[in-house]
Amino acid sequence: MTEVDTTLDALELELRRIRGVLAVGFTDEGESLVVHVLSDVAPGASAELRRQISLWTRANLDRPVVIEVEDVEPPAVSPQRGRVRLEAVRVDRFSQSLDVHLVLGSRRAVGRAEAGSPREAAAATLEALDRLGANLPFRIDAATATLRNGPDHAVVVVLEPGEGEHKLYGVARAPSMEEAAARATLHALNRYLSREKAFLPA
């Protein structure tokens, strides 16, 4: 583990102690470090939360920092289609491959990628959604495994928007890193997928 990794791990622990912080992730943009924070604070408390995050972050890092705080909203469900469900995430350690199995009503789809990173698991989830007929104007901006809290892995996923959209954030915990990444990707997209034109007709 490098000195930078140790510093970020320590910062993540401090930020997660702040009331309302659910998960923390980092994206290295070269000249600056993006700190992704997902929270469940009430709207009126978001300014104070951002102030605390900024104080801790700038006190521990000596490089330009961009802080992105996203409030986690309850997932929306389309009454016409129901909700996309994660059926399984299967990892073949021998071939270093993973399959993400999704279900939407009577439709099923599988996305495949190499195993080993949250980004690949998120990519497999997007591929499975595409095969379900989803219209997704997003690409993966970041997929970061955070520090483990007990037996579960935690992953933060950030999706970069297409025209007319905004960044989407998702966070999830699961027994494996790959499953956590798949669930975080679906969490980021839940509200978008509830839209009337999010899917092509079956």
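Being a predicted model, the structure only gives us computed values, none of them experimental. (Residues numbered from 1 in each chain as written. Predicted model: local features only at pLDDT ≥ 70, side-chain atom pairs only at ≥ 80, totals over all residues. Heavy atoms only, no water.)

**Let's talk about the overall build of the protein chain**
Then, in step 1: Broken down by element type, the protein chain carries 4 helices and 9 strands.
Then, in step 2: Start at the N end of the protein chain and walk to the C end: the helices and strands fall as α-β-β-α-β-β-β-β-α-β-β-β-α.
Then, in step 3: Across the 202 residues of the protein chain, 47% fall into the buried class.
Then, in step 4: In the protein chain, the share of contacts with a sequence separation of at least 24, taken over all contacts with a separation of at least 6, comes to 51%.
Then, in step 5: For the protein chain, the accessible surface area stands at approximately 10,600 Å², while carbon and sulfur atoms represent 49% of it. (Helix = DSSP H or I, 4+ residues; strand = E, 2+ residues; numbered from the N terminus. Buried < 20%, exposed > 50% of the residue type's maximum accessible area, 1.4 Å probe, protein only. Contact = heavy atoms within 4.5 Å. Areas by Shrake-Rupley, 256 points an atom, 1.4 Å probe, with all protein chains shown as cover.)

**What to know about the pattern of salt bridges**
Then, in step 1: Within the structure shown, the criterion is met by 11 salt bridges.
Then, in step 2: Put simply, R17 and E14 hold a salt bridge, and the shortest N to O gap is 3.1 Å.
Then, in step 3: Residue classification places R17 among the exposed residues on the basis of a relative accessible area of 60%.
Then, in step 4: Between R108 and E87 there is a salt bridge whose closest N-O contact spans 3.2 Å. With R108 in strand 6 (residues 107-114) and E87 in strand 4 (residues 85-92), this pair connects stretches of sequence that are 21 residues apart.
Then, in step 5: For R108, a relative accessible area of 54% translates into the label exposed. (Salt bridge = Lys/Arg side-chain N within 4 Å of Asp/Glu carboxyl O.)

**Some thoughts on the environment of E120**
Then, in step 1: Tracing the backbone through its elements, the reader meets E120 in helix 3 (residues 118-131).
Then, in step 2: Taking the C-alpha atoms as reference points, E120 and A181, 61 residues apart in sequence, are found 8.7 Å from one another.
Then, in step 3: With near-sequence residues (within four places) excluded, E120 lies in contact with A113 and E114.

**What about the side chain of D141?**
Then, in step 1: Locating D141 in the fold gives a position in strand 7 (residues 138-149).
Then, in step 2: What makes D141 buried here is its relative accessible area of 12%.
Then, in step 3: Once you skip the residues sitting within four places of it in the chain, D141 turns out to touch T27, E29, H36, R119, V158, L159, E160 and K167.

**Digging into the sheet that holds strand 3 (residues 65-71)**
Then, in step 1: Read from one edge to the other, the open sheet built from 3 strands follows the order 1-2-3, with strand pairing classed as mixed. Single-partner strands in this sheet number two, and they are strand 1 (21-28) and strand 3. Strand-to-strand twist across the sheet, computed as the mean angle between neighbouring axes with direction ignored, equals 20°.
Then, in step 2: Pairing between strand 2 (residues 33-39) and strand 3: 7 bridges, direction parallel. Its bridge partner being in strand 3, L38 is matched across the sheet by E70.
Then, in step 3: Across the sheet, helix 2 (residues 46-60) is in contact with strand 1, strand 2 and strand 3; its angle to strand 3 comes to roughly 150°. (Pairing = 2+ DSSP bridges. Axes fitted to C-alpha atoms, helices over the stretch in contact; angles between N-to-C directions.)

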